[in-house]
Amino acid sequence: MNLAWNTSCQDNNWWNPKNWFDQRGGEGINGSHRPHYVPQDIHYSSVLIYGTKDSPTHIDYDASKITKFSNQIGKLEIGHYATLNVHGTPKFDCHALSVNELKIDAHGELDIDTTSPVFLGNNPDIDGTLKISNTHAIIDSHSVSGSGTIILNHSTLGGNHSYMQIGDRLTTILENNSAIYINDSIAGKKIEVDETKNYIVLKDYKQTLKTEIIGYNDNTTIRIAAGCERPVFATWQSNNNGTYSIYIAFDKWGHGIRIENVILDKKPSYSNGTFEIVHNRDGSWDIINPRGNNGDGTSTPTSFGGSGDDSCFLTGCMLQTVLGLKAVEDVQIGDEIITFDHQNSTDVIQPVVWVGKTHARALPDLSDDMAGYPVRILKDAIADGLPVKDMLITPEHCLFLDGKFVPVRMLVNGVSIFYDKSITSYDYYHIETE
């Protein structure tokens with residue numbers, strides 16, 4: 001260990017050389033001896049950050065301060081009661097953080113929030129907390145070990161060419177439209193999902209996933225990777241102990257994926273049923289829309305819970321109110337808007353009871369439907385005067401067509417309805433009525 005954080009430092013700035021001390025007394029850099037320097041000033045530095053329960057350490061790492069001469073960190077250990085907050089975007093085409101070896105001790109935390117990718121080296125050892133927001137984490141070994149927690153917040157771990165093996169003592173939390181790519185059913189101790197559109201991406205070979213999946217709901221999606229065999233059916237059933245199993249079959253000879261330990265967000269009215277299998281434009285397959293078996297050869301849509309609030313309007317979308325068209329960002333609680341009652345095929349007036357606003361960033365490394373780009377529907381794309389002007393909505397926003405609700409991502413044709421990749425950061429609004 002050649003560099004350690006000075007617990008009596010001047011401030012919490014990673015880039016202040018006087019906040020670091022070299023246990024060997026200094027380093028020769030560019031022909032001169034320097035007693036103080038930052039980790040990226042030398043190649044493959046070995047870095048220790050630590051604190052105490054009574055005096056925890058918090059360090060601010062602004063990635064915009066990286067220079068073209070910055071070196072990769074050899075080893076970064078975030079010790080007990082230490083937190084490293086990584087944010088900002090480099091001014092150069094490089095990783096916001098690049099580490100060959102990462103270790104996070106119990107009660108330590110690495111909190112990454114950047115739109116630039118981060119490189120976390122080989123087999124990170126996570127006994128504390130690794131939180132990744134709004135970016136794509138790259139891990140060379142395609143594996144993570146430890147007994148701590150990985151939190152993905154609008155982020156992805158792994159990719160189409162980088163399926164991950166998660167140590168059997170680790171917990172992964174998927175929040176705010178995140179994705180994890182799992183290799184060979186090694187998915188950790190448990191995976192927790194929130195009510196947004198989160199993806200667990202698997203491959204199509206015979207495997208059994210024993211990892212506990214907590215909070216599985218109507219927005220949770222099992223995706224079978226592009227290039228795999230076509231799944232022929234997908235079923236779910238109660239294990240009669242509060243958990244459920246999901247089975248995705250690829251043929252009639254027992255080749256498939258079995259997920260054995262699923263805890264649903266909401267108990268359904270049925271004990272078993274099926275899923276819809278949707279073939280995506282990129283060649284992947286999604287397992288969605290659970291149905292319950294009626295026992296007579298028919299099935300009925302059922303719910304595993306989830307808010308269903310992932311369908312929203314971008315700034316500038318116009319809503320029809322009793323006083324005329326109004327931009328969604330100007331709609332307030334109490335406004336009366338005109339909605340369509342599909343059961344009675346008539347327009348109705350409903351008051352707005354809640355307005356929500358969220359900021360989103362696209363993740364270009366993911367497939368289009370997972371990346372978070374908004375969908376642009378051109379004027380007259382559905383029919384003459386429908387819509388009356390271009391409309392921007394989130395991919396899960398449903399349109400009522402031919403008697404059913406269809407997520408707009410399933411209508412993308414690349415011409416009149418398409419992912420608008422020119423928009424990588426945006427606000428969107430959700431409106432609820434009585």
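My aim in this report is to walk through the structure given alongside it, one point at a time.

Conventions adopted
- Residues numbered from 1 in each chain as written.
- Predicted model: local features only at pLDDT ≥ 70, side-chain atom pairs only at ≥ 80, totals over all residues.
- Heavy atoms only, no water.
- Helix = DSSP H or I, 4+ residues; strand = E, 2+ residues; numbered from the N terminus.
- Rg over C-alpha atoms; globule rule 2.2 N^0.38 Å.
- Buried < 20%, exposed > 50% of the residue type's maximum accessible area, 1.4 Å probe, protein only.
- Contact = heavy atoms within 4.5 Å.
- Areas by Shrake-Rupley, 256 points an atom, 1.4 Å probe, with all protein chains shown as cover.
- Core = buried A, V, L, I, M, F, W, Y, C linked by side-chain atoms within 4.5 Å.
- Phe/Tyr/Trp six-rings, centres within 6.5 Å; stacked < 30°, edge-to-face > 60°.
- Pairing = 2+ DSSP bridges.
- Patch = residues over 30% accessible without salt bridge, like charges linked within 9 Å, V, L, I, M, F, W, Y side chains within 5 Å.
- Salt bridge = Lys/Arg side-chain N within 4 Å of Asp/Glu carboxyl O.

1. Regarding the overall build of the chain
A count of helical and extended segments in the chain gives one helix and 42 strands. Expected size for 434 residues packed as a compact globule is a radius of gyration near 22 Å; at 25 Å, the chain falls within 12% of this value. Projected onto its principal axes, the C-alpha coordinates of the chain cover approximately 80 × 55 × 40 Å. Across the 434 residues in the chain, those meeting the buried criterion constitute 49%. Counting contacts in the chain only where the partners sit at least 6 residues apart, residues at least 24 apart contribute 48% of the total. Surface summary for the chain: the accessible area is close to 19900 Å², and the carbon and sulfur share equals 47%.

2. A closer look at the nonpolar core
One finds Trp 14, Leu 76, Leu 84, Leu 97, Leu 110 and Leu 120 to be the most contacted residues of the largest nonpolar core, which totals 100 residues. The biggest single contributor to this core is strand E20 (residues 179–187), with five residues. Listed in part, the seven residues of the second largest apolar core include Cys 312, Ile 423, Tyr 426 and Tyr 428.

3. Quick word on the packing of aromatic side chains
Overall, the coordinates contain twelve aromatic pairs when judged by the stated rule. Measuring from centroid to centroid gives 6.3 Å for Tyr 216 and Phe 304, while their planes differ by 65 degrees, and the two rings are edge-to-face. Separated by 88 residues along the polypeptide, Tyr 216 in strand E24 (residues 212–216) and Phe 304 in the loop between strand E31 (299–301) and strand E32 (313–314) bring together distant segments of the chain. Judged by relative accessible area, which is 1%, Tyr 216 ranks as buried. Geometrically, the ring pair formed by Trp 236 and Tyr 244 is tilted, given 6.0 Å between the ring centres and 55 degrees between the ring planes. Of the two residues, Trp 236 and Tyr 244, neither departs from the other in class, the shared state being buried. Three or more aromatic residues joined by ring pairs make a cluster, and in this case those are Trp 5, Trp 14, Trp 15, Trp 20 and Tyr 61.

4. Structural notes on the sheet that holds strand E5 (residues 45–49)
With respect to topology, six strands assemble into an open sheet ordered E2-E1-E5-E7-E9-E12, the strand pairing being mixed. Each edge of the open sheet carries a strand with a single partner, namely strand E2 (20–22) and strand E12 (125–126). Of the strand pairs in this sheet, E5 and strand E7 (residues 73–78) are connected by five bridges, and their pairing is parallel. What sits directly across from Leu 48, in E7, is Glu 77.

5. A closer look at the environment of Gly 108
Within the secondary structure, Gly 108 is located in the loop between strand E9 (99–104) and strand E10 (109–113). Residue contacts for Gly 108: discarding those within four places in its chain leaves Ile 78, Gly 79, Tyr 81, Ala 82, Gly 128 and Thr 129.

6. Some points on a nonpolar patch on the surface
Where nonpolar side chains cluster on the molecular surface, the patch consists of Val 322, Leu 323, Ile 338 and Ile 349 and spans about 400 Å² of accessible area. Inspection of the secondary structure assignment puts Val 322 in the loop between strand E33 (318–321) and strand E34 (324–327).

7. Regarding the pairing of strand E35 (residues 336–341)
Bridge analysis of E35 against strand E36 (residues 346–361) gives six bridges, and the strand direction is antiparallel. When the sheet's bridge partners are listed, Thr 339 is paired in E36 with Val 348. In textbook terms, the turn of a hairpin is the stretch between consecutive antiparallel strands, and for E35 and E36 this stretch comprises four residues, one of which, Ser 345, has a positive phi near 55 degrees.

8. Here's the deal with the pattern of salt bridges
If you walk through the whole model with that rule in mind, you get 19 salt bridges. Two residues, Lys 326 and Asp 335, come together in a salt bridge whose shortest N-O distance is 2.8 Å. The buried category is assigned to Asp 335, whose relative accessible area is 19%. For Asp 390, the salt bridge goes to Arg 376, with nearest N and O atoms at 3.7 Å. On the criterion of sequence distance, the pair formed by Asp 390 in the loop between strand E37 (375–377) and strand E38 (391–393) and Arg 376 in strand E37 is long-range, its members being 14 residues apart. For Asp 390, a relative accessible area of 33% puts it in the partly exposed group.

9. A few points about the side chain of Thr 243
Of note, Thr 243 is situated in the loop between strand E26 (233–238) and strand E27 (244–249). If near-sequence neighbours (up to four positions away) are discounted, Thr 243 is found in contact with Ser 238, Glu 260, Asn 261, Val 262 and Ile 263.

10. Comments concerning the environment of Thr 235
Looking at where Thr 235 falls in the secondary structure, it is placed in strand E26. With 55 residues separating them in the primary sequence, Thr 235 and Pro 290 have C-alpha atoms 8.5 Å apart.

11. Side note on unusual backbone geometry
Across the junction of Leu 386 and Pro 387, the peptide omega takes the value -5 degrees, indicating a cis bond. The residue Pro 387 is located in the loop between E37 and E38 in this model. Of note in the backbone geometry, Asn 123 takes a positive phi value of approximately 45 degrees without being a glycine. Note on Asn 123: relative accessible area 34%, which makes it partly exposed. The backbone of His 154 sits at a positive phi, close to 50 degrees, despite the residue not being glycine. Note that His 154 resides in the loop between strand E16 (149–153) and strand E17 (156–157). For His 154, a relative accessible area of 6% translates into the label buried.

Geometric descriptors of this kind do not, in isolation, establish any biological role.
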